Amino acid sequence: MLRRLCLLAGMLALWVTQGQDMPLEYTFGDKYKDRYKYSNLLSFSETVSADKILVRGYYSGLLVRPKGYLIERYNTDLQLVEEYNYKYKDGDFVHGFVANDQIYLLFLEYNSETLSYEYKVHQSPVGAYNFTVRSLLSLKADYVDAPVDKNYYNRSFKTGFSTTILSDPDSRVFAISILQSENKDLKHRLLVYNNRLERIMDSDFSSQSMEKNFAFEELAVSKDLSAVYLVGKAYFRQRRFKAEERKFQYELVRLHKSGIKTQVFDVPGKFSEAVKPLWRGDQLICAGFYADRKDNRYNGLEYLVLDPGDLSILQRTYNPFSQQFMLDKFGKETEKAIKNLVFKGAHFTADGSLLFNAEEYFMTESMQPNASGGRVKVQRFHHNDIVSVKLDPEGKLLWARNINKTEVTQGDGAYTSYSSYTKDGQTYFFVCLASEEPQLIGSERLIFKQGYSRNRNVFVIRLDAAGALSYEKIIDSDEARLPLMVSMPYVDLESDRLLFYAKQGSRKQLVSVEVH
(Lines give C-alpha, C1' and ligand atoms only; values in the text may rest on other atoms or scores of the structure.)
Protein backbone atom coordinates (compact mmCIF):
# COMPACT_ATOMS: atom_id res chain seq x y z
CA MET A 1 0.00 0.00 0.00
CA LEU A 2 2.80 2.41 0.90
CA ARG A 3 4.53 1.66 -2.38
CA ARG A 4 1.32 2.39 -4.29
CA LEU A 5 0.79 5.70 -2.48
CA CYS A 6 4.35 6.73 -3.25
CA LEU A 7 3.81 5.85 -6.89
CA LEU A 8 0.63 7.94 -7.06
CA ALA A 9 2.32 10.87 -5.36
CA GLY A 10 5.19 10.58 -7.80
CA MET A 11 2.83 10.66 -10.77
CA LEU A 12 1.11 13.78 -9.50
CA ALA A 13 4.42 15.46 -8.71
CA LEU A 14 5.63 14.71 -12.22
CA TRP A 15 2.52 16.30 -13.74
CA VAL A 16 2.81 19.41 -11.57
CA THR A 17 6.50 19.92 -12.33
CA GLN A 18 5.87 19.46 -16.02
CA GLY A 19 3.30 22.25 -15.91
CA GLN A 20 5.42 24.87 -14.21
CA ASP A 21 7.03 26.19 -17.40
CA MET A 22 3.82 27.18 -19.16
CA PRO A 23 4.72 30.22 -21.31
CA LEU A 24 1.52 32.05 -20.42
CA GLU A 25 0.80 35.48 -19.00
CA TYR A 26 -2.63 36.64 -17.87
CA THR A 27 -4.07 40.09 -17.16
CA PHE A 28 -7.32 41.03 -15.42
CA GLY A 29 -9.39 43.95 -16.62
CA ASP A 30 -11.33 46.12 -14.18
CA LYS A 31 -14.49 44.69 -12.63
CA TYR A 32 -17.74 46.40 -13.60
CA LYS A 33 -21.27 46.23 -12.28
CA ASP A 34 -23.94 44.73 -14.49
CA ARG A 35 -27.69 44.96 -14.00
CA TYR A 36 -28.55 41.87 -16.04
CA LYS A 37 -28.06 38.78 -13.93
CA TYR A 38 -29.40 36.35 -16.51
CA SER A 39 -27.88 36.61 -19.97
CA ASN A 40 -26.05 34.72 -22.70
CA LEU A 41 -22.99 35.83 -24.61
CA LEU A 42 -23.96 35.71 -28.30
CA SER A 43 -21.00 37.21 -30.18
CA PHE A 44 -17.47 38.45 -29.50
CA SER A 45 -15.90 40.55 -32.28
CA GLU A 46 -13.17 43.10 -32.99
CA THR A 47 -13.44 46.55 -34.59
CA VAL A 48 -10.96 48.17 -36.99
CA SER A 49 -9.47 50.03 -33.99
CA ALA A 50 -8.92 46.70 -32.14
CA ASP A 51 -11.72 47.41 -29.65
CA LYS A 52 -13.79 44.39 -28.67
CA ILE A 53 -17.57 44.26 -29.10
CA LEU A 54 -19.63 41.81 -27.05
CA VAL A 55 -23.34 41.21 -27.60
CA ARG A 56 -25.41 39.59 -24.86
CA GLY A 57 -29.05 38.62 -24.83
CA TYR A 58 -30.54 39.27 -21.39
CA TYR A 59 -33.59 37.69 -19.79
CA SER A 60 -36.17 38.43 -17.12
CA GLY A 61 -39.45 36.91 -16.00
CA LEU A 62 -40.56 33.30 -16.33
CA LEU A 63 -40.33 32.98 -20.11
CA VAL A 64 -36.84 32.12 -21.30
CA ARG A 65 -36.72 34.63 -24.13
CA PRO A 66 -34.45 37.66 -24.51
CA LYS A 67 -35.91 40.96 -23.36
CA GLY A 68 -33.16 42.89 -25.10
CA TYR A 69 -29.51 42.91 -26.13
CA LEU A 70 -26.66 44.58 -24.29
CA ILE A 71 -23.75 45.72 -26.47
CA GLU A 72 -20.46 46.24 -24.63
CA ARG A 73 -17.35 47.86 -26.06
CA TYR A 74 -13.90 47.35 -24.47
CA ASN A 75 -10.63 49.02 -25.46
CA THR A 76 -7.24 47.34 -25.81
CA ASP A 77 -6.57 47.92 -22.08
CA LEU A 78 -9.61 45.74 -21.22
CA GLN A 79 -11.55 48.80 -20.04
CA LEU A 80 -15.27 49.12 -20.64
CA VAL A 81 -15.63 52.16 -22.92
CA GLU A 82 -19.38 52.12 -23.41
CA GLU A 83 -22.43 49.93 -23.36
CA TYR A 84 -25.74 50.21 -25.15
CA ASN A 85 -29.05 48.55 -24.32
CA TYR A 86 -30.81 47.58 -27.53
CA LYS A 87 -34.36 46.97 -26.34
CA TYR A 88 -35.55 44.53 -28.94
CA LYS A 89 -37.35 41.33 -28.00
CA ASP A 90 -38.98 39.95 -31.14
CA GLY A 91 -37.62 37.13 -33.25
CA ASP A 92 -34.82 34.62 -32.78
CA PHE A 93 -31.21 35.79 -32.75
CA VAL A 94 -29.32 33.67 -35.30
CA HIS A 95 -26.04 35.47 -36.05
CA GLY A 96 -24.01 38.53 -35.07
CA PHE A 97 -20.70 40.00 -36.18
CA VAL A 98 -18.72 43.22 -36.64
CA ALA A 99 -17.38 44.21 -40.08
CA ASN A 100 -16.81 47.43 -42.00
CA ASP A 101 -17.01 49.26 -38.62
CA GLN A 102 -20.65 48.20 -38.38
CA ILE A 103 -22.48 45.92 -35.95
CA TYR A 104 -24.75 43.39 -37.66
CA LEU A 105 -27.40 41.46 -35.74
CA LEU A 106 -29.42 38.92 -37.73
CA PHE A 107 -32.84 37.80 -36.49
CA LEU A 108 -35.48 35.39 -37.75
CA GLU A 109 -39.01 36.74 -37.24
CA TYR A 110 -42.48 35.51 -38.09
CA ASN A 111 -44.82 38.02 -39.74
CA SER A 112 -48.37 37.00 -38.85
CA GLU A 113 -49.84 39.47 -41.36
CA THR A 114 -47.99 38.12 -44.39
CA LEU A 115 -47.74 34.56 -42.94
CA SER A 116 -44.05 34.43 -43.65
CA TYR A 117 -40.67 34.07 -41.97
CA GLU A 118 -38.32 37.00 -42.41
CA TYR A 119 -34.60 37.28 -41.92
CA LYS A 120 -34.04 40.82 -40.71
CA VAL A 121 -30.73 42.62 -40.27
CA HIS A 122 -30.35 45.18 -37.48
CA GLN A 123 -27.36 47.33 -38.33
CA SER A 124 -25.58 50.18 -36.56
CA PRO A 125 -22.23 51.98 -36.80
CA VAL A 126 -19.90 51.07 -33.94
CA GLY A 127 -20.15 53.76 -31.27
CA ALA A 128 -23.20 55.52 -32.72
CA TYR A 129 -25.77 52.82 -31.92
CA ASN A 130 -28.39 54.06 -34.32
CA PHE A 131 -29.88 50.78 -35.48
CA THR A 132 -31.67 50.49 -38.79
CA VAL A 133 -33.65 47.41 -39.79
CA ARG A 134 -34.05 45.88 -43.21
CA SER A 135 -35.40 42.62 -44.52
CA LEU A 136 -32.77 40.28 -45.91
CA LEU A 137 -35.09 37.48 -46.96
CA SER A 138 -38.80 36.63 -46.73
CA LEU A 139 -40.34 33.16 -47.06
CA LYS A 140 -44.00 32.13 -47.01
CA ALA A 141 -44.50 29.43 -44.38
CA ASP A 142 -46.75 28.29 -41.56
CA TYR A 143 -45.60 29.11 -38.05
CA VAL A 144 -43.60 26.40 -36.21
CA ASP A 145 -42.47 26.29 -32.58
CA ALA A 146 -38.72 25.91 -33.17
CA PRO A 147 -37.70 27.15 -36.63
CA VAL A 148 -33.97 27.51 -35.88
CA ASP A 149 -32.17 24.18 -35.90
CA LYS A 150 -29.79 24.24 -32.92
CA ASN A 151 -29.46 20.61 -31.85
CA TYR A 152 -26.26 19.00 -33.05
CA TYR A 153 -27.69 15.50 -32.71
CA ASN A 154 -31.11 14.00 -33.44
CA ARG A 155 -32.10 16.58 -36.02
CA SER A 156 -35.84 16.76 -36.69
CA PHE A 157 -37.13 17.31 -40.22
CA LYS A 158 -40.83 16.82 -39.47
CA THR A 159 -41.67 20.51 -39.02
CA GLY A 160 -42.81 22.46 -42.05
CA PHE A 161 -40.00 25.01 -41.75
CA SER A 162 -36.46 24.72 -40.37
CA THR A 163 -33.35 26.78 -40.92
CA THR A 164 -29.65 26.69 -40.01
CA ILE A 165 -26.98 29.43 -40.08
CA LEU A 166 -23.28 28.72 -40.60
CA SER A 167 -20.42 31.22 -40.87
CA ASP A 168 -16.69 31.06 -41.45
CA PRO A 169 -14.37 31.99 -38.52
CA ASP A 170 -13.29 35.27 -40.13
CA SER A 171 -16.89 36.44 -40.69
CA ARG A 172 -16.33 36.84 -44.41
CA VAL A 173 -19.51 34.96 -45.35
CA PHE A 174 -22.46 33.23 -43.76
CA ALA A 175 -24.75 30.62 -45.26
CA ILE A 176 -28.47 30.10 -44.65
CA SER A 177 -29.99 26.65 -45.16
CA ILE A 178 -33.80 26.65 -45.43
CA LEU A 179 -35.87 23.47 -45.54
CA GLN A 180 -39.61 23.76 -46.21
CA SER A 181 -42.09 20.94 -46.61
CA GLU A 182 -45.82 21.04 -47.27
CA ASN A 183 -47.63 17.78 -47.95
CA LYS A 184 -45.29 16.02 -50.41
CA ASP A 185 -43.72 19.19 -51.74
CA LEU A 186 -40.20 19.72 -50.36
CA LYS A 187 -38.02 22.75 -50.97
CA HIS A 188 -34.43 23.17 -49.82
CA ARG A 189 -32.68 26.46 -50.49
CA LEU A 190 -29.09 27.47 -49.77
CA LEU A 191 -28.09 31.14 -49.70
CA VAL A 192 -24.71 32.75 -49.04
CA TYR A 193 -24.07 36.39 -48.08
CA ASN A 194 -20.81 38.27 -47.65
CA ASN A 195 -20.12 40.52 -44.65
CA ARG A 196 -21.62 43.50 -46.52
CA LEU A 197 -24.88 41.56 -46.65
CA GLU A 198 -24.66 41.13 -50.42
CA ARG A 199 -26.21 37.90 -51.65
CA ILE A 200 -23.45 36.09 -53.54
CA MET A 201 -25.16 32.69 -53.97
CA ASP A 202 -28.74 31.42 -54.10
CA SER A 203 -29.05 27.73 -54.89
CA ASP A 204 -32.02 25.38 -55.18
CA PHE A 205 -31.00 22.22 -53.32
CA SER A 206 -34.42 20.55 -53.53
CA SER A 207 -33.51 17.79 -56.00
CA GLN A 208 -30.62 16.63 -53.80
CA SER A 209 -32.95 16.63 -50.78
CA MET A 210 -35.62 14.38 -52.26
CA GLU A 211 -33.87 11.22 -51.03
CA LYS A 212 -31.98 12.71 -48.07
CA ASN A 213 -32.49 15.43 -45.47
CA PHE A 214 -29.33 17.48 -45.02
CA ALA A 215 -28.25 18.85 -41.65
CA PHE A 216 -25.19 21.04 -42.27
CA GLU A 217 -22.52 21.33 -39.58
CA GLU A 218 -19.36 22.90 -41.06
CA LEU A 219 -18.48 25.60 -43.62
CA ALA A 220 -15.33 26.59 -45.52
CA VAL A 221 -14.95 29.23 -48.22
CA SER A 222 -12.39 29.83 -50.97
CA LYS A 223 -10.08 32.84 -50.73
CA ASP A 224 -11.91 34.76 -53.47
CA LEU A 225 -15.35 33.80 -52.02
CA SER A 226 -16.29 32.19 -55.34
CA ALA A 227 -16.97 28.77 -53.81
CA VAL A 228 -18.50 27.72 -50.50
CA TYR A 229 -18.11 24.21 -49.09
CA LEU A 230 -20.66 22.77 -46.66
CA VAL A 231 -20.28 19.51 -44.76
CA GLY A 232 -23.27 17.88 -43.19
CA LYS A 233 -25.14 14.73 -42.29
CA ALA A 234 -27.40 13.48 -45.06
CA TYR A 235 -30.21 11.52 -43.39
CA PHE A 236 -31.81 8.92 -45.66
CA ARG A 237 -35.54 9.26 -46.23
CA GLN A 238 -37.97 6.37 -46.76
CA ARG A 239 -35.46 3.65 -45.91
CA ARG A 240 -35.71 0.92 -43.31
CA PHE A 241 -32.90 0.58 -40.81
CA LYS A 242 -32.03 -1.75 -37.99
CA ALA A 243 -32.11 -0.14 -34.55
CA GLU A 244 -28.31 -0.06 -34.24
CA GLU A 245 -27.66 1.16 -37.79
CA ARG A 246 -26.78 4.74 -38.69
CA LYS A 247 -29.41 6.52 -40.77
CA PHE A 248 -27.09 9.05 -42.39
CA GLN A 249 -23.87 9.60 -44.29
CA TYR A 250 -21.55 12.62 -44.30
CA GLU A 251 -21.40 14.58 -47.56
CA LEU A 252 -19.54 17.61 -48.87
CA VAL A 253 -21.49 20.17 -50.92
CA ARG A 254 -19.80 22.78 -53.14
CA LEU A 255 -21.79 25.90 -54.01
CA HIS A 256 -20.60 27.88 -57.03
CA LYS A 257 -22.20 30.07 -59.69
CA SER A 258 -21.57 27.21 -62.14
CA GLY A 259 -23.76 24.89 -60.08
CA ILE A 260 -23.82 22.47 -57.14
CA LYS A 261 -21.51 19.50 -56.66
CA THR A 262 -21.65 16.88 -53.91
CA GLN A 263 -19.21 14.24 -52.68
CA VAL A 264 -19.81 11.26 -50.41
CA PHE A 265 -16.89 10.33 -48.15
CA ASP A 266 -17.87 6.73 -47.33
CA VAL A 267 -16.27 3.69 -48.94
CA PRO A 268 -17.01 0.03 -48.16
CA GLY A 269 -16.00 -0.64 -44.56
CA LYS A 270 -15.26 3.04 -43.77
CA PHE A 271 -18.07 5.38 -42.69
CA SER A 272 -17.20 9.03 -42.02
CA GLU A 273 -17.96 10.89 -38.79
CA ALA A 274 -17.59 14.54 -37.64
CA VAL A 275 -15.82 15.75 -40.79
CA LYS A 276 -14.38 19.27 -41.05
CA PRO A 277 -13.24 21.01 -44.29
CA LEU A 278 -9.90 22.84 -44.03
CA TRP A 279 -7.60 24.82 -46.31
CA ARG A 280 -3.87 24.14 -46.44
CA GLY A 281 -2.77 26.74 -48.97
CA ASP A 282 -4.77 25.86 -52.08
CA GLN A 283 -5.42 22.30 -50.94
CA LEU A 284 -8.87 21.34 -49.68
CA ILE A 285 -8.55 18.79 -46.88
CA CYS A 286 -11.34 17.08 -44.97
CA ALA A 287 -10.33 15.58 -41.64
CA GLY A 288 -12.40 13.73 -39.09
CA PHE A 289 -13.21 10.28 -37.77
CA TYR A 290 -14.52 7.07 -39.23
CA ALA A 291 -16.36 3.92 -38.18
CA ASP A 292 -15.74 0.48 -39.66
CA ARG A 293 -19.38 -0.54 -39.46
CA LYS A 294 -22.80 1.11 -39.64
CA ASP A 295 -23.28 1.90 -35.97
CA ASN A 296 -22.51 4.90 -33.77
CA ARG A 297 -19.00 3.99 -32.60
CA TYR A 298 -15.78 5.53 -33.96
CA ASN A 299 -12.76 3.41 -34.84
CA GLY A 300 -10.16 5.88 -36.04
CA LEU A 301 -9.18 9.03 -37.91
CA GLU A 302 -9.59 9.92 -41.57
CA TYR A 303 -7.75 12.41 -43.77
CA LEU A 304 -8.94 13.21 -47.29
CA VAL A 305 -7.42 15.51 -49.92
CA LEU A 306 -9.96 16.72 -52.49
CA ASP A 307 -9.90 18.66 -55.73
CA PRO A 308 -11.54 22.00 -54.84
CA GLY A 309 -13.19 22.15 -58.28
CA ASP A 310 -14.80 18.79 -58.99
CA LEU A 311 -14.51 17.41 -55.41
CA SER A 312 -12.77 14.25 -56.61
CA ILE A 313 -10.88 12.57 -53.77
CA LEU A 314 -7.16 12.64 -54.53
CA GLN A 315 -5.96 10.91 -51.37
CA ARG A 316 -7.48 8.85 -48.57
CA THR A 317 -5.68 8.00 -45.34
CA TYR A 318 -7.26 6.04 -42.50
CA ASN A 319 -5.62 5.63 -39.08
CA PRO A 320 -7.12 3.34 -36.42
CA PHE A 321 -7.00 4.69 -32.89
CA SER A 322 -3.63 3.96 -31.30
CA GLN A 323 -3.12 1.79 -28.24
CA GLN A 324 -1.92 4.86 -26.31
CA PHE A 325 -5.16 6.66 -27.14
CA MET A 326 -7.31 3.75 -25.97
CA LEU A 327 -5.32 3.52 -22.74
CA ASP A 328 -5.72 7.27 -22.19
CA LYS A 329 -9.47 7.01 -22.49
CA PHE A 330 -10.41 3.65 -21.01
CA GLY A 331 -7.37 2.33 -19.21
CA LYS A 332 -7.41 -1.44 -19.59
CA GLU A 333 -11.12 -1.52 -20.53
CA THR A 334 -10.49 -1.27 -24.26
CA GLU A 335 -13.78 -2.89 -25.33
CA LYS A 336 -15.74 0.30 -24.70
CA ALA A 337 -16.90 2.39 -27.66
CA ILE A 338 -15.78 5.86 -28.75
CA LYS A 339 -18.59 8.07 -30.07
CA ASN A 340 -20.19 11.53 -30.05
CA LEU A 341 -17.11 13.55 -31.01
CA VAL A 342 -17.55 17.15 -32.17
CA PHE A 343 -14.78 19.13 -33.89
CA LYS A 344 -13.47 22.11 -31.93
CA GLY A 345 -10.18 23.33 -33.42
CA ALA A 346 -7.61 22.72 -36.17
CA HIS A 347 -4.17 24.10 -37.02
CA PHE A 348 -1.55 23.34 -39.67
CA THR A 349 2.07 23.51 -38.56
CA ALA A 350 4.88 25.00 -40.68
CA ASP A 351 5.72 21.60 -42.22
CA GLY A 352 2.08 20.90 -43.17
CA SER A 353 1.23 18.57 -40.28
CA LEU A 354 -2.30 18.86 -38.91
CA LEU A 355 -3.13 19.33 -35.23
CA PHE A 356 -6.83 19.05 -34.48
CA ASN A 357 -8.99 18.49 -31.44
CA ALA A 358 -12.55 17.45 -30.71
CA GLU A 359 -14.81 16.99 -27.71
CA GLU A 360 -17.09 14.22 -26.57
CA TYR A 361 -20.47 15.96 -26.60
CA PHE A 362 -23.98 14.55 -26.13
CA MET A 363 -27.36 15.39 -24.66
CA THR A 364 -29.50 13.46 -22.16
CA GLU A 365 -33.11 13.99 -21.10
CA SER A 366 -34.98 13.14 -17.91
CA MET A 367 -38.25 13.97 -16.19
CA GLN A 368 -38.15 15.90 -12.92
CA PRO A 369 -40.87 17.16 -10.57
CA ASN A 370 -41.58 20.89 -10.66
CA ALA A 371 -42.91 23.32 -8.02
CA SER A 372 -46.55 22.82 -9.05
CA GLY A 373 -46.44 19.06 -8.47
CA GLY A 374 -46.16 18.11 -12.10
CA ARG A 375 -43.23 16.79 -14.09
CA VAL A 376 -41.07 18.62 -16.58
CA LYS A 377 -38.54 17.39 -19.16
CA VAL A 378 -34.97 18.48 -18.41
CA GLN A 379 -32.21 18.48 -21.01
CA ARG A 380 -28.58 18.17 -19.95
CA PHE A 381 -25.66 18.87 -22.25
CA HIS A 382 -22.51 16.88 -21.55
CA HIS A 383 -19.06 18.21 -22.49
CA ASN A 384 -16.67 15.39 -21.71
CA ASP A 385 -13.31 14.12 -22.94
CA ILE A 386 -10.99 16.12 -25.19
CA VAL A 387 -9.45 14.28 -28.15
CA SER A 388 -6.26 15.74 -29.64
CA VAL A 389 -4.52 14.37 -32.74
CA LYS A 390 -1.44 15.08 -34.84
CA LEU A 391 -1.23 13.86 -38.45
CA ASP A 392 1.84 14.25 -40.66
CA PRO A 393 1.66 16.12 -44.03
CA GLU A 394 0.49 12.88 -45.69
CA GLY A 395 -2.26 12.34 -43.14
CA LYS A 396 -0.56 9.52 -41.26
CA LEU A 397 -1.05 9.38 -37.50
CA LEU A 398 1.85 10.69 -35.41
CA TRP A 399 -0.02 10.57 -32.12
CA ALA A 400 -3.51 10.76 -30.62
CA ARG A 401 -4.26 11.60 -26.99
CA ASN A 402 -7.41 11.56 -24.89
CA ILE A 403 -7.77 14.04 -22.02
CA ASN A 404 -10.34 12.78 -19.53
CA LYS A 405 -12.84 15.46 -18.57
CA THR A 406 -16.44 15.53 -17.40
CA GLU A 407 -18.78 18.56 -17.40
CA VAL A 408 -22.55 18.95 -17.70
CA THR A 409 -24.84 21.96 -17.98
CA GLN A 410 -28.56 22.61 -18.28
CA GLY A 411 -28.24 26.18 -19.44
CA ASP A 412 -25.43 28.43 -20.60
CA GLY A 413 -22.72 26.30 -22.19
CA ALA A 414 -20.22 29.18 -22.37
CA TYR A 415 -18.79 28.31 -18.94
CA THR A 416 -18.28 24.62 -19.80
CA SER A 417 -16.32 22.83 -22.53
CA TYR A 418 -12.95 24.39 -23.47
CA SER A 419 -11.02 26.53 -25.93
CA SER A 420 -7.67 25.74 -27.52
CA TYR A 421 -4.73 27.60 -29.00
CA THR A 422 -1.72 26.24 -30.91
CA LYS A 423 1.69 27.89 -31.15
CA ASP A 424 5.08 26.44 -32.14
CA GLY A 425 3.60 22.95 -32.39
CA GLN A 426 2.21 23.01 -28.85
CA THR A 427 -1.52 23.05 -28.14
CA TYR A 428 -2.96 24.66 -25.01
CA PHE A 429 -6.43 23.74 -23.74
CA PHE A 430 -8.18 26.16 -21.38
CA VAL A 431 -10.79 24.74 -18.99
CA CYS A 432 -12.65 26.38 -16.11
CA LEU A 433 -13.47 24.01 -13.24
CA ALA A 434 -14.52 24.20 -9.60
CA SER A 435 -12.28 21.28 -8.63
CA GLU A 436 -8.88 22.11 -7.15
CA GLU A 437 -6.92 19.35 -8.89
CA PRO A 438 -7.59 16.57 -11.38
CA GLN A 439 -8.38 13.18 -9.86
CA LEU A 440 -6.77 9.82 -10.44
CA ILE A 441 -8.74 7.07 -12.20
CA GLY A 442 -7.66 3.55 -11.51
CA SER A 443 -4.18 4.66 -10.37
CA GLU A 444 -3.07 5.34 -13.93
CA ARG A 445 -5.01 8.23 -15.47
CA LEU A 446 -6.08 11.75 -14.52
CA ILE A 447 -9.54 13.23 -15.04
CA PHE A 448 -10.57 16.88 -14.87
CA LYS A 449 -13.97 17.12 -13.15
CA GLN A 450 -16.39 20.01 -13.11
CA GLY A 451 -16.83 20.24 -9.34
CA TYR A 452 -19.70 21.85 -7.45
CA SER A 453 -18.53 25.24 -6.20
CA ARG A 454 -19.56 28.47 -7.94
CA ASN A 455 -15.94 29.61 -7.75
CA ARG A 456 -13.88 28.35 -10.67
CA ASN A 457 -10.20 27.72 -11.34
CA VAL A 458 -8.65 28.07 -14.78
CA PHE A 459 -6.50 25.13 -15.82
CA VAL A 460 -4.28 24.93 -18.88
CA ILE A 461 -3.56 21.49 -20.31
CA ARG A 462 -0.67 21.37 -22.75
CA LEU A 463 0.25 18.82 -25.39
CA ASP A 464 3.74 19.40 -26.77
CA ALA A 465 4.93 18.58 -30.30
CA ALA A 466 5.48 14.93 -29.34
CA GLY A 467 2.09 14.56 -27.64
CA ALA A 468 3.45 14.66 -24.07
CA LEU A 469 0.81 15.98 -21.68
CA SER A 470 1.17 18.40 -18.76
CA TYR A 471 -1.11 20.80 -16.92
CA GLU A 472 -1.10 23.80 -14.60
CA LYS A 473 -3.68 25.77 -12.67
CA ILE A 474 -2.87 29.24 -14.00
CA ILE A 475 -5.65 31.24 -12.30
CA ASP A 476 -6.93 30.36 -8.84
CA SER A 477 -10.58 30.95 -7.94
CA ASP A 478 -9.48 33.25 -5.09
CA GLU A 479 -7.75 35.42 -7.64
CA ALA A 480 -10.23 35.25 -10.50
CA ARG A 481 -13.41 35.55 -8.40
CA LEU A 482 -15.55 35.52 -11.56
CA PRO A 483 -15.89 32.34 -13.68
CA LEU A 484 -14.65 32.63 -17.26
CA MET A 485 -16.79 31.85 -20.30
CA VAL A 486 -13.99 29.58 -21.35
CA SER A 487 -15.59 28.15 -24.51
CA MET A 488 -16.31 31.55 -26.12
CA PRO A 489 -13.06 33.56 -26.22
CA TYR A 490 -11.93 36.12 -28.74
CA VAL A 491 -8.78 34.66 -30.31
CA ASP A 492 -6.23 37.21 -31.51
CA LEU A 493 -3.83 35.32 -33.78
CA GLU A 494 -1.58 38.31 -34.44
CA SER A 495 -0.73 38.85 -30.77
CA ASP A 496 -1.09 35.20 -29.64
CA ARG A 497 -3.73 36.22 -27.14
CA LEU A 498 -7.11 34.97 -25.99
CA LEU A 499 -9.66 37.26 -24.36
CA PHE A 500 -12.20 35.69 -22.03
CA TYR A 501 -15.40 37.25 -20.72
CA ALA A 502 -15.90 36.64 -17.00
CA LYS A 503 -19.27 37.19 -15.39
CA GLN A 504 -21.24 36.15 -12.33
CA GLY A 505 -24.39 37.81 -11.04
CA SER A 506 -23.98 41.58 -11.21
CA ARG A 507 -20.20 41.68 -11.88
CA LYS A 508 -18.20 41.31 -15.08
CA GLN A 509 -14.70 41.81 -16.50
CA LEU A 510 -12.38 40.79 -19.34
CA VAL A 511 -9.39 38.51 -18.81
CA SER A 512 -6.49 38.35 -21.25
CA VAL A 513 -4.23 35.28 -21.59
CA GLU A 514 -1.14 35.67 -23.77
CA VAL A 515 0.83 32.71 -25.13
CA HIS A 516 4.58 33.43 -25.40
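Computed from a predicted model, the values in this text were never measured in an experiment. (Residues numbered from 1 in each chain as written. Predicted model: local features only at pLDDT ≥ 70, side-chain atom pairs only at ≥ 80, totals over all residues. Heavy atoms only, no water.)

Trainee: Whenever I open this one, the overall build of the chain confuses me. Can you help?
Mentor: Helices and strands together make up the secondary structure of the chain, namely three helices and 35 strands. The globule rule puts the C-alpha radius of gyration for 516 residues at 24 Å, and the 23 Å found for the chain is close to it. Looking at the chain residue by residue over its 516 residues, the buried ones come to 54%. In the chain, 50% of the contacts between residues at least 6 apart in sequence involve partners at least 24 apart. Taken as a whole, the chain presents about 24300 Å² of accessible surface, with 48% of it coming from carbon and sulfur. (Helix = DSSP H or I, 4+ residues; strand = E, 2+ residues; numbered from the N terminus. Rg over C-alpha atoms; globule rule 2.2 N^0.38 Å. Buried < 20%, exposed > 50% of the residue type's maximum accessible area, 1.4 Å probe, protein only. Contact = heavy atoms within 4.5 Å. Areas by Shrake-Rupley, 256 points an atom, 1.4 Å probe, with all protein chains shown as cover.)

Trainee: Whenever I open this one, the environment of D464 confuses me. Can you help?
Mentor: For D464, the location among the structural elements is in the loop between strand 31 (457–463) and strand 32 (469–475). The sequence separation of D464 and T427 amounts to 37 residues, and the corresponding C-alpha distance is 6.5 Å. Of the polar contacts made by the side chain of D464, one reaches the backbone nitrogen of A468; its length is 2.9 Å. (Polar contact = N/O pair within 3.5 Å; in protein donor to acceptor, adjacent residues only side chain to side chain.)

Trainee: I'm lost on the nonpolar core in this one. Help?
Mentor: Nonpolar side chains in soluble globular proteins tend to be buried together. In this structure, F289, F321, I338, L354 and F356 are the most contacted members of the largest nonpolar core, which totals 24 residues. For this core, the secondary structure elements donating two or more residues are strand 19 (271–280), strand 20 (283–291), strand 21 (300–306), helix 2 (323–330), strand 23 (341–348), strand 24 (354–369) and strand 25 (375–391). Ignoring anything within four residues of it in the chain, the contact list for F356 reads A287, G288, F289, L301, F343, G345, A346, V387, S388, V389 and L391. In this structure, F97, Y119, L136 and V144 belong to the second largest nonpolar core, which totals 23 residues. (Core = buried A, V, L, I, M, F, W, Y, C linked by side-chain atoms within 4.5 Å.)

Trainee: Explain the side chain of E251 here, please?
Mentor: With respect to the element layout, E251 can be found in strand 17 (residues 248–256). At a separation of 2.6 Å, a polar atom in the side chain of E251 contacts the side chain of K212. Discounting chain neighbours no more than four positions away, the residues touching E251 are K212, F214, L230, V231, G232, A234, T262, Q263, V264 and F265.

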